[in-house]
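Remarks on the overall topology
Each chain is listed here by its residues.
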Amino acid sequence: MSVSTAALDPSVCAPLPVLGQDVTVPLVTGGEVTYAALDYAASAPALQRVWDDVAAYAPYYGSVHRGAGYLSQLSTDLFENSRRTVAEFLGCRPEDQVVFTRSTTDSLNLLAAAIPANCQVFVYETEHHASLLPWRDAQVTYLDAPRTPGQAVETLERALADRDPYGPALVCVTGASNVTGELWPVKELAAAAHAHGARIVLDAAQLAPHHPVDIAELDVDWVAFSGHKLYAPFGSGVLAGRADWLQAAEPYLAGGGASRRVARRADGGVDVDWHTTAARHEAGSPNVIGVYSIASACKALTEAGFDNLVARERELVSRVREGLAEVPEVQVLSLFGDDAPRVGVISFVVRGWNSSHFAAALSAEYGIGVRDGLFCAHPLVRTLLGSDPQDPGECGAPEAEPGERSLNAIRVSFGAGTPDEHIDRFLRAVTELVREGAQWKYRTEDGRCVPDRGEAAQV
């Protein structure tokens, strides 16, 4: 995943047009400001190109794989062409399958339902819950958080060496952390897995929107990601990779589309002949618009030039990290250290501030949208904060009043659609809040820190 460091054409590296870039929001201090969407790690804004493509297709919407009419045939072609576009975007091997799902979470639960009996699963405690939790019917080994990429490989190799070498095994790992943004040594982990007879699935939810992902080059067995993080609307995802476990498993959902033939038996039962293609796990009427939007996003990112997008994002990451480093009260969270390569995802805490209070002030006083909480990666955030694994804490819910320490963190994230002004405003806001305090009073309501309407702070 190397990126060219050649001089970049500013016109090529301009932010990609996204929906909502001109939306204004009210400030508690009065007036309005253009909203700064800096929560890409949760859901990236849809590319304007994607929205335009979907709008152009919408009048021709038809049932997929079901109808003889022109619109149904057109929609079916669009659906299957989208599958080929995604396969090309991911560098799929000829024998790989692309299965469309609802999200990364859905993709990994699908794979969890398809793993063979007695499969051993190895997963780091650093994973997002989408890749940490689906393996409930398997024998799971949870690996401690590594502190270097090399240690991640060594930890996996030791764990795999101790396993039963005759049974199936699967390693699940993220490509880029949704908490720290740090890139994981995916290719090296894949080599370690395969050397010990295990397979590996890559959670690319945070990697695919920021870096090229090539299944063949990384030598992973499966890749999972979500459309809503790849600049497409909600409701669609992908599981791509090896077909054998998927073909051998019972359909993820039983119903129309997954079955090729259904017949009554003489004894009154039903015989079913299931598809062996991706359709086996795509029962029901598929989300054609969601699938097409993913394909459109894949095309848009490819045509924009991933080298240029990555280079620009790297500059934004450097600016944010350098700006936060100038505020002594800010502690940036990291597993692998300051020099680790990362995507546009940075989490931090501010000494003397409740994280939810700080995030609420960024929103209410500056029009900046960030995330606070444990980011659906509770074990990792607790490890990074040095808190006890049994300490209370919930995603996005503070346990302390404004001004008191909380067990949560703040996350700023950005990508291909982020303008420079949003980064500049964020850094200015952090500096002003730390040095001057909030201009407004805040209170906790329904688990969230919110402005106390009509209550300006005494500063």
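Focus on the pattern of salt bridges
Pairing of side chains with opposite charge becomes possible as their charged atoms draw close. Summed over the entire model, instances satisfying the criterion amount to 25 salt bridges. Across the salt bridge formed by Arg321 and Asp338, the nearest N and O atoms sit 2.9 Å from each other. Of this pair, Arg321 sits in helix α10 (residues 306–325) while Asp338 sits in the loop between β13 (330–332) and β14 (345–350), and the two are 17 residues apart along the sequence. Looking at Asp338, the relative accessible area reads 60%, which means it is exposed.

Structural notes on the nonpolar core
Ranked by internal contacts, the top residues of the largest apolar core, which has 85 residues, are Leu90 and Phe225. Sort the elements by how many residues they give to this core and helix α9 (residues 288–304) lands first, with 9 residues. The residues touching Phe225, leaving out its near neighbours within four places in the chain, are Val86, Leu90, Ser103, Thr104, Ser107, Ala204, Ala205, Ala208, Leu230, Gly237, Val238 and Ile294. Among the nonpolar cores identified, the runner-up in size contains 36 residues, and Phe358, Tyr366, Leu427 and Cys449 belong to it.

Topic: the environment of Ala36
For Ala36, the position within the fold is in strand β3 (residues 36–37). Along the chain, Ala36 and Tyr366 lie 330 residues apart, while their C-alpha atoms are 8.6 Å from each other. Filtering out sequence-adjacent residues up to four positions away, Ala36 remains in contact with Gly367, Ile368, Gly369, His422 and Arg425.

Quick word on the confidence of the model for the chain
Residue-level pLDDT values for the chain average 91, and 92% of them are 70 or greater. In this model residues 1–8 is a low-confidence stretch, pLDDT under 50, and it forms 15 contacts with partners more than four residues away in sequence or in other chains.

Structural notes on the sheet that holds strand β17 (residues 409–413)
An order of β13-β14-β17-β16 is seen for the 4 strands of this open sheet, with the pairing classed as antiparallel. Pairing within the sheet leaves two strands with one partner each, and these edge strands are β13 and β16 (371–373). Averaged over all adjacent pairs, the angle separating strand axes in this sheet is 30 degrees, with direction ignored. Across 3 bridges, the pairing between β16 and β17 is antiparallel. Bridging across to β17, Gly373 finds its partner in Ala409. Contacting β13, β14 and β17, α10 crosses the sheet at an angle of about 10 degrees to β14.

So, the sheet that holds strand β10 (residues 237–241)
Spatial ordering of the open sheet is given by β4-β10-β9-β8-β7-β5-β6, a layout of 7 strands whose pairing is mixed. Of all strands in the sheet, those with a lone pairing partner are β4 (97–101) and β6 (139–143), marking the two edges. Going from strand to strand, the sheet's axes swing by 20 degrees on average, the running direction of each strand aside. Strand direction decides the pairing type here: β4 and β10, joined by 5 bridges, are antiparallel. Residue Thr101 lies in a different strand from β10, and its bridge partner there is Gly237. Against the sheet, helix α5 (residues 149–161) contacts β5 (120–124), β6 and β7 (169–174), and its axis sits at roughly 160 degrees relative to β5.

A short note on α5
For α5, with 13 residues, the first-to-last C-alpha span of 19 Å sits near the 18 Å given by 1.5 Å per residue. All of the buried residues along α5 are Ala152, Val153, Thr155, Leu156, Ala159 and Leu160. On an axial view of α5, the arc spanned by its buried residues comes to 160 degrees, and they lie on one face. Turned more than 90 degrees off the buried face of α5, the exposed positions are Arg158 and Ala161. Looking at the buried side of α5, the elements it contacts are β5, β6, β7 and α6 (186–195).

What about the side chain of His422?
Among the secondary structure elements, His422 is positioned in helix α13 (residues 420–436). Polar side-chain contacts of His422 include one of 3.5 Å to the backbone oxygen of Tyr35.

Section: the pairing of β10
The element β10 is extensively covered by neighbouring structure, given that 5 of its 5 residues are classed as buried. The sheet contact formed by strand β9 (residues 222–226) and β10 spans 5 bridges and is antiparallel. Along β10, the bridge assignment pairs Val223 with Ala240.

Cut-off values and rules
Residues numbered from 1 in each chain as written. Predicted model: local features only at pLDDT ≥ 70, side-chain atom pairs only at ≥ 80, totals over all residues. Heavy atoms only, no water. Salt bridge = Lys/Arg side-chain N within 4 Å of Asp/Glu carboxyl O. Helix = DSSP H or I, 4+ residues; strand = E, 2+ residues; numbered from the N terminus. Buried < 20%, exposed > 50% of the residue type's maximum accessible area, 1.4 Å probe, protein only. Core = buried A, V, L, I, M, F, W, Y, C linked by side-chain atoms within 4.5 Å. Contact = heavy atoms within 4.5 Å. pLDDT = per-residue confidence, 0-100. Pairing = 2+ DSSP bridges. Axes fitted to C-alpha atoms, helices over the stretch in contact; angles between N-to-C directions. Expected span 1.5 Å × (residues − 1). Arc of directions from axis to C-beta. Polar contact = N/O pair within 3.5 Å; in protein donor to acceptor, adjacent residues only side chain to side chain.

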